[in-house]
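The chain contents come next:
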Amino acid sequence: VAGVPPDLPLRDLFEPLVWVVAGLAAVNLALFVALVVAREQWVVHRRLRERIGTRLAPVIERLLQGGDTQRAAEELRPVIAGLGPQARPVAAWLVLDGLREADAGTRDVVRQVLAESGAVELAERATRRWMPWRRALACELLGTIGTEGSVDVLVWRLRDRRAEVRSAAARALGMLGHPVAASPLTELFLRQEGVPTGVAYDVLSRLGEAGADAFRQGLESPRVSVRVTSCFGIAAHAETVARGQAVALLEQRLRTEEDPRVRAGAASAMRSLRGDAAPGALLEAVHDPVPAVRRSAAKALAAFDDPAAVAALGPLTSDEDRETALRAAESLLALSDGKRGGEPARRTLLGSDAWTVESARATARLTA
Amino acid sequence: MTDALVIASFVVFAYFALFNLFTLGLLAISFGESTWLVRGRQPQRGLRPPGHRPGISVVVPAYNEQEVVVATVSALLRHDYAPLEVVVVDDGSTDATFARLDHAFDLVQLPVGSGFPLPTAALRSLHVSRRGRRLRVVRKENGGRADALNAGLGIARHELVAITDADSVLHPDALIRALRPFEEHPDECVAVGGTIRVANRSRFSRGRVEVPRIGGGIEAMQTLEYVRGFLGTRIAWSRLNGLLIVSGAFGLFRREALIGIGGFLPSTMGEDMEATMRLHHRLRSRWPGARIAYAADAICWTQAPNRLSALRGQRVRWQVGLLESVRLHAAMLGRRRYGASGLLSMPYLALFEAISPIFELGGYAIAIVLLIVEPSAWPWVAAMLLVTVLFGQLQTMLALLVQENEFHGYSRRDLTRLLGWSLLECLWYHPLLALWRTSGTVRLLIGRRPGWGKIPREALGDAPPEAVTPLTR
């Protein structure tokens, strides 16, 4: 302050400014130290992973080769027991990651060994850690190595205060595939709270009939996104069972829905419900005034080996919407190999002078 | 006079203190977000089977890119995401860009067709590769990058469109990582921006960066700028849903949403920023849930200018683009209906990013004159400069910490080098940038920017959400 001329305006601000300089310099120094620590921590962690990986590699190789799985899994016990408590969940993760290609039986045997080694218990405890990313990582780990007992821990985490932890817990529940998770997840999905719609969709799709029930309820939701997602969910579920019911539900949605996004979603979803009779509502959807719905219908009709689908697609190859026209031509081409729709599709293609048909045929020739 | 100079210097100082505090707030949010991002998560784990995920068309505009185009396209075709297509738009190149593509990928002509959703310069021909339908090449009259992107949007067939440059390289899992926000929020997510990193001295192998390295001088400075600009603030803007720029070097958009708002604007220099702002501007009122996200771990490597003259040209263009975009979308300023983009990010861009170079140059001039007129005021000038420099350094440190949390990409030696260069930044790099950006502002104001004043406002589309097909799931 002494160096500043006494008559300089704002002279009183000089002293606080000096303190600000000192403060900023101190914070900079602290951040520099934090940067160095973060860097070194990462190096240590990387080395730990490498060390554990090296010790586990021969056992994983034996497990992948098949043979006496139980005996090979038993070899894991001393390796895991020899690791510290912090390293055990990392090892468990590495083991199951290495066994991604192994059959379900082998993975179950290994999972049992890992649970007995205490790795699962440690991961379950880690879901209560203070740092949110540690909680999320623990949830994700439980999705891979968890047992039936982990389901309650993960369901509890669906109420975590951080969105990413809730998503990780939901995904883990989906990986474990236990039906107990369906009820809380359905509630979150229908209210569009807590877990992003896409994550809820992924998880509920893995829960079989319990998940399908959530999508059935979702079709009546006042929320557009839930209705659209439910259309896809119903169709995904119907790839294995209850196809007839799914077709009926989606047809009803296509005919009665006011929001074109839901109609387009229902039409797109029908693509998964392959068959030899195109649903009536899908055939009608090619006349929808909204191009997005026509586009979806044009693409979905390729999944139905039906002369009625061919008849609906023919005029669409000259649709004013370029994308609809192109998709219709591609769908016709796809149908031209079918048993029922093949002959009329080939005839329609031959008689067409639409550029979209020419383009689709030229592209198909290249693939052939 | 001394009094006036001291007060003026304090005004400039207060302006920068406010700017720095705001930016530090953003950095703090970004840091908080990055510390608990799930580390080391492999995105492939959560990926849906091919029939249940959206297709991606990568649009690559190319103008006289004969040296790099084949390598870039080959690298893109190596991505194992499906369904994927690569659409190269040869924007009237006068070199052998098309000939090299033809030679490398054995192209066959297809009918161009009609009914394109966006007006562009005339399309000459459309080609598909005989070696696989995943590559299509369209030749057109020269119309500029935005025009080429619009042509690509018309040719692209998938629901999502990734835009990139012919001289940029996408990390092998960049598309998958950028896809994550779309998978999580399929009915809300409209666009996702990726992280652009400087690749100048890095070692490449088979179209990917094997060992990231840092050069010196302007390369190091740009590396710092990119780290601060992307990891430092965009994570925060994304969290607040106020991200106003999805970089043209790598961004993933919903094709129909982009077409619905009229595509990219050829008459602006910052077409990527302008299009992102327009998405906010046009969509938010009718699609309140619409969000533009940032995927910090979706990486695109790019060649930054390594000569001062090239850097100068780039920064003048960026400044002009920024000012044009702010001017076009000034109606968003301070409006609640646009959420954080209207209340926070637009004011931040307009008050700080757009005019800070003028304040910075003014500050230097005032300090110099003050020291000449009143040499005894040097402690005052020194203290203010020191505060500004330390604030800047704080931002750099926080941004590097975010990077350490996320990537750990650089070696110890390179990180030390980067820190060393950051200490010198305020001595030469900042004043240079301020000078160039101010010259860009002046050129715009005196009408030396071609096309200024002819921006076709009426061409801006209004994409209703119902016009957009739901994403496959």
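Keep in mind it's a predicted model, so treat the numbers as computed, not measured.

## Re the overall build of chain B
Line of reasoning, step 1. Within chain B, the secondary structure is distributed over 13 helices and twelve strands.
Line of reasoning, step 2. Dimensions of chain B, computed from the C-alpha atoms along their principal axes, are close to 75 × 50 × 45 Å.
Line of reasoning, step 3. Put simply, chain B has 473 residues, and 62% of those count as buried.
Line of reasoning, step 4. Nonlocal contacts in chain B, meaning residues at least 24 apart in sequence, comprise 81% of its contacts between residues at least 6 apart.
Line of reasoning, step 5. Approximately 17200 Å² of chain B is accessible, and the part contributed by carbon and sulfur atoms is 58%.
Line of reasoning, step 6. Between the averaged position of the 53 positive side-chain charges in chain B and that of its 40 negative side-chain charges there is a distance of 2 Å.

## Remarks on the pattern of salt bridges
Line of reasoning, step 1. Evaluation of the coordinates by the stated rule reveals 52 salt bridges over all chains.
Line of reasoning, step 2. Where Glu184 of chain B meets Arg171 of chain A, a salt bridge forms, and the shortest distance between an N and an O atom there is 3.7 Å. In this pair, Glu184 of chain B sits in helix H5 (residues 174–184) while Arg171 of chain A sits in helix H9 (residues 163–176), so the two residues belong to two different chains.
Line of reasoning, step 3. Taken together, the salt bridges that share partners define one network made up of Glu323, Arg327 and Glu330 of chain A together with Arg157 and Arg255 of chain B.

## Observations concerning the sheet that holds strand S5 (residues 135–140) of chain B
Hydrogen bonds between backbone groups are what pair the strands of a sheet, and the pairing can be parallel or antiparallel.
All names here are of chain B.
Line of reasoning, step 1. The strand order across the open sheet built from ten strands is S3-S4-S5-S2-S1-S6-S11-S8-S12-S7, with neighbouring strands paired in mixed fashion. Every other strand in the sheet has two partners, leaving strand S3 (107–110) and strand S7 (168–170) as the edge strands with one partner each. Geometrically, the sheet is characterised by an average inter-axis angle of 30° between neighbouring strands, direction not taken into account.
Line of reasoning, step 2. Pairing between strand S2 (residues 84–91) and S5: six bridges, direction parallel. Considered in S5, the bridge of Val87 is made with Arg136.
Line of reasoning, step 3. Lying over the sheet, helix H4 (residues 145–155) contacts strand S1 (56–62), S2, strand S4 (123–129), S5 and strand S6 (160–164), oriented at roughly 140° with respect to S2.

## Here we look at the interface of chain B and chain A
Line of reasoning, step 1. Contacts between the two partners involve 76 residues from chain B and, on the opposite side, 71 residues from chain A.
Line of reasoning, step 2. Both sides together, the interface formed by chain B and chain A hides about 6400 Å², and carbon and sulfur atoms give 64% of it.
Line of reasoning, step 3. There are 17 residue pairs in polar contact (both at pLDDT 80 or more) connecting chain B and chain A.
Line of reasoning, step 4. The element that contributes the greatest number of residues to the side of chain B that touches chain A is helix H12 (residues 378–406) of chain B, accounting for 15 residues.

## Examining helix H18 (residues 307–316) of chain A
All names here are of chain A.
Line of reasoning, step 1. Along H18, the residues classified as buried are Ala309, Val310, Ala312, Leu313, Gly314 and Leu316.
Line of reasoning, step 2. Packed against the buried residues of H18 are helix H16 (280–285), helix H17 (291–300), helix H19 (322–335) and helix H20 (342–351).
Line of reasoning, step 3. The residue sitting at the N-terminus of H18 and contributing the capping side-chain oxygen is Asp306; that oxygen lies 2.9 Å from the backbone nitrogen of Ala308.

## What to know about the packing of aromatic side chains
Given two aromatic rings, their pairing is described by the distance between the two centres and the angle made by the two planes.
Residues and elements named next belong to chain A.
Line of reasoning, step 1. Across all of its chains, the model carries 18 aromatic pairs over all chains by this definition.
Line of reasoning, step 2. Ring centres 5.9 Å apart and planes at 50° place the aromatic pair Tyr201 and Phe215 in the tilted group. With Tyr201 in helix H11 (residues 197–205) and Phe215 in helix H12 (residues 208–218), this residue pair connects regions lying 14 residues apart in the sequence.
Line of reasoning, step 3. Take Tyr201: its relative accessible area is 3%, and that puts it in the buried class.
Line of reasoning, step 4. Phe215 gets classed as buried once you look at its relative accessible area, which sits at 1%.

## Notes on the packing of helix H10 (residues 182–191) of chain A against H11 of chain A
Residue and element names in this part refer to chain A.
Line of reasoning, step 1. At a minimum axis separation of 10 Å, H10 and H11 run at an interaxial angle of 150°. In terms of orientation, H10 and H11 fall into the roughly antiparallel class. The chirality of how H10 crosses H11 is left-handed. For the pair H10 and H11, the contacting residues are Ala182, Leu185, Thr186 and Phe189 in the first and Thr197, Ala200, Val203 and Leu204 in the second.
Line of reasoning, step 2. When the residues that make up the contact of H10 with H11 are grouped by side-chain class, the tally is six nonpolar, two polar and no charged.

## What to know about the pairing of S1 of chain B
All names here are of chain B.
Line of reasoning, step 1. In terms of residue burial, S1 counts as a mostly covered element, since seven of its seven residues are buried.
Line of reasoning, step 2. Of the two faces of S1, the one lined by Ile56, Val58, Val60 and Ala62 and the one lined by Ser57, Val59 and Pro61 are each fully buried.
Line of reasoning, step 3. For the crossover from S1 across helix H2 (residues 69–77) to S2, the handedness is right-handed.
Line of reasoning, step 4. Two strands pair when backbone bridges link them, and S1 and S6 are joined in this way by four bridges, in the parallel orientation. Within S6, the position partnered with Val59 by the bridge is Ile163.

## Examining the environment of Trp287 of chain B
All names here are of chain B.
Line of reasoning, step 1. Relative to the assigned elements, Trp287 resides in the loop between helix H8 (271–283) and strand S12 (291–302).
Line of reasoning, step 2. Take Trp287: its relative accessible area is 7%, and that puts it in the buried class.
Line of reasoning, step 3. Between the C-alpha atoms of Trp287 and Glu188, which are 99 residues apart in sequence, the distance is 8.2 Å.

## Comments concerning unusual backbone geometry
All names here are of chain B.
Line of reasoning, step 1. A cis amide bond links Ala82 with the next residue in sequence, Pro83, at an omega value of 0°.
Line of reasoning, step 2. For Asn64, which is not glycine, the phi torsion reads 50° and is therefore positive.
Line of reasoning, step 3. Tracing the backbone shows Asn64 in the loop between S1 and H2.
Line of reasoning, step 4. Backbone geometry places Asp106, a non-glycine residue, at a positive phi of 55°.

What counts and how
- Residues numbered from 1 in each chain as written.
- Chains lettered and ligands numbered in written order.
- Predicted model: local features only at pLDDT ≥ 70, side-chain atom pairs only at ≥ 80, totals over all residues.
- Heavy atoms only, no water.
- Helix = DSSP H or I, 4+ residues; strand = E, 2+ residues; numbered from the N terminus.
- Buried < 20%, exposed > 50% of the residue type's maximum accessible area, 1.4 Å probe, protein only.
- Contact = heavy atoms within 4.5 Å.
- Areas by Shrake-Rupley, 256 points an atom, 1.4 Å probe, with all protein chains shown as cover.
- Lys, Arg positive; Asp, Glu negative; His and termini not counted.
- Charge placed at Lys NZ, Arg CZ, Asp CG, Glu CD.
- Salt bridge = Lys/Arg side-chain N within 4 Å of Asp/Glu carboxyl O.
- Pairing = 2+ DSSP bridges.
- Axes fitted to C-alpha atoms, helices over the stretch in contact; angles between N-to-C directions.
- Buried area = accessible area lost by both parts, 1.4 Å probe.
- Polar contact = N/O pair within 3.5 Å; in protein donor to acceptor, adjacent residues only side chain to side chain.
- Phe/Tyr/Trp six-rings, centres within 6.5 Å; stacked < 30°, edge-to-face > 60°.
- Parallel < 35°, antiparallel > 145°, perpendicular 65-115°, else oblique.
- Left-handed = near helix turned anticlockwise from the far one by under 90°.
- Nonpolar A, V, L, I, M, F, W, Y, C, P; charged D, E, K, R; others polar.
- Right-handed = clockwise from strand over helix to strand, strands pointing away.

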